[in-house]
Structures are given as C-alpha cells and as structure tokens.
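The lines below spell out each chain.
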Amino acid sequence: MKKKLTKSRNNVVLTGTLAGIAEYFTIDPTIVRIIYVFITLTGIGAPVFLYIVMALIIPGDYSKRGGYYHKNSGSQQRQRKEAEKVDEDDWSDF
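Note that the structure is a prediction, hence the values are computed from the model and not measured.

## Some details on helix α1 (residues 17–24)
Alright, step 1. Counting buried positions over the 8 residues of α1 gives 6, a clear majority of the element.
Alright, step 2. For α1, the full list of buried residues reads Thr17, Leu18, Ala19, Gly20, Ile21 and Ala22.
Alright, step 3. Here the buried face of α1 lies against α2 (29–42) and α3 (47–57).
Alright, step 4. Of the residues trailing α1, Thr26 is marked for its positive phi of about 50 degrees.

Dropping the structure here:
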C-alpha cells in the first residue's frame, strides 16, 4: 500500500500538518515540531508562510474514524438537565 501525505487526525495541535509529516516519515511528531520551532526561531527561510501553505495544500485524512470531523451518528444523545427554580425575591448576591 502506498503511503500518502495527509494531515494527522490523531495528533492535532493546530491543523495536524506537522504530525501528518511525522506520520509520513514514521517519526515522532514532537521531533518534527521541535525542528519547526528551531527553524522558526533562527529565521531560516519563511517557516510561518511555509506552514500556512502546507496547511492549505496537504489534504486531511478522511479514511480514519475519529478526530475533529467525526460525526456522532447512531449514539444516544444526552438528556438536558432542568434548570433550578430561583426565587425572584432572593437577589442577595447582587
């Protein structure tokens, strides 16, 4: 099976772009993030602009379940709690 470069859905901090790159190269996402911060602080190239471009170009991974885009279909919905009745004459907190 051929690997595809996609944004991570499991290890998202901002957009999942750096974690997706780490998953593609099978390394720890923390290492990729540290390298990115180092490059940003040293001012090599335009890392912020590059990150924005990568976040826009790299597609999301829609093949896995979970993450931010997971629809909650088929599960039970929680019941709403009833609000407590407040005596209108008791405004001692204000």
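Now that the structure has been shown, the text picks up again.
## What about the confidence of the model for the protein chain?
Alright, step 1. When the pLDDT values of the protein chain are averaged, the result is 77; 76% of them are 70 or greater.
Alright, step 2. Confidence, read as mean pLDDT per element, is least for α3 in the protein chain (86) and greatest for α2 (90).
Alright, step 3. This model gives residues 67–74 a pLDDT under 50, and the stretch forms 6 contacts once residues within four places in sequence are excluded.

## Brief notes about the side chain of Lys7
Alright, step 1. Structurally, Lys7 is set in the segment before α1.
Alright, step 2. A polar contact is formed between the side chain of Lys7 and the backbone oxygen of Ala55, at a distance of 2.5 Å.
Alright, step 3. Dropping the residues within four chain positions of it, Lys7 is found in contact with Thr15, Gly16, Thr17, Gly20, Ala55, Ile58, Pro59, Gly60 and Asp61.

## Details of the environment of Thr30
Alright, step 1. Mapped onto the fold, Thr30 is located in helix α2.
Alright, step 2. Taking relative accessible area as the criterion, Thr30 reaches 40% and is therefore assigned partly exposed.

## Notes on unusual backbone geometry
Alright, step 1. Despite not being glycine, Thr26 has its phi angle at roughly 50 degrees, a positive value.
Alright, step 2. Summarising the element assignment, Thr26 is placed in the loop between α1 and α2.

## What about the packing of α2 against α3?
Alright, step 1. One way to put it is that α2 packs onto α3 with a least axis distance of 9 Å and a crossing angle of 135 degrees. By the angle between their axes, α2 is oblique relative to α3. Listed contacts from α3 to Tyr36, Ile39 and Thr40 of α2 are Pro47, Val48 and Tyr51.
Alright, step 2. Of the residues belonging to the contact of α2 with α3, the class tally is 5 nonpolar, 1 polar and no charged.

What counts, and at which threshold
- Residues numbered from 1 in each chain as written.
- Predicted model: local features only at pLDDT ≥ 70, side-chain atom pairs only at ≥ 80, totals over all residues.
- Heavy atoms only, no water.
- Buried < 20%, exposed > 50% of the residue type's maximum accessible area, 1.4 Å probe, protein only.
- Helix = DSSP H or I, 4+ residues; strand = E, 2+ residues; numbered from the N terminus.
- Contact = heavy atoms within 4.5 Å.
- pLDDT = per-residue confidence, 0-100.
- Polar contact = N/O pair within 3.5 Å; in protein donor to acceptor, adjacent residues only side chain to side chain.
- Axes fitted to C-alpha atoms, helices over the stretch in contact; angles between N-to-C directions.
- Parallel < 35°, antiparallel > 145°, perpendicular 65-115°, else oblique.
- Nonpolar A, V, L, I, M, F, W, Y, C, P; charged D, E, K, R; others polar.

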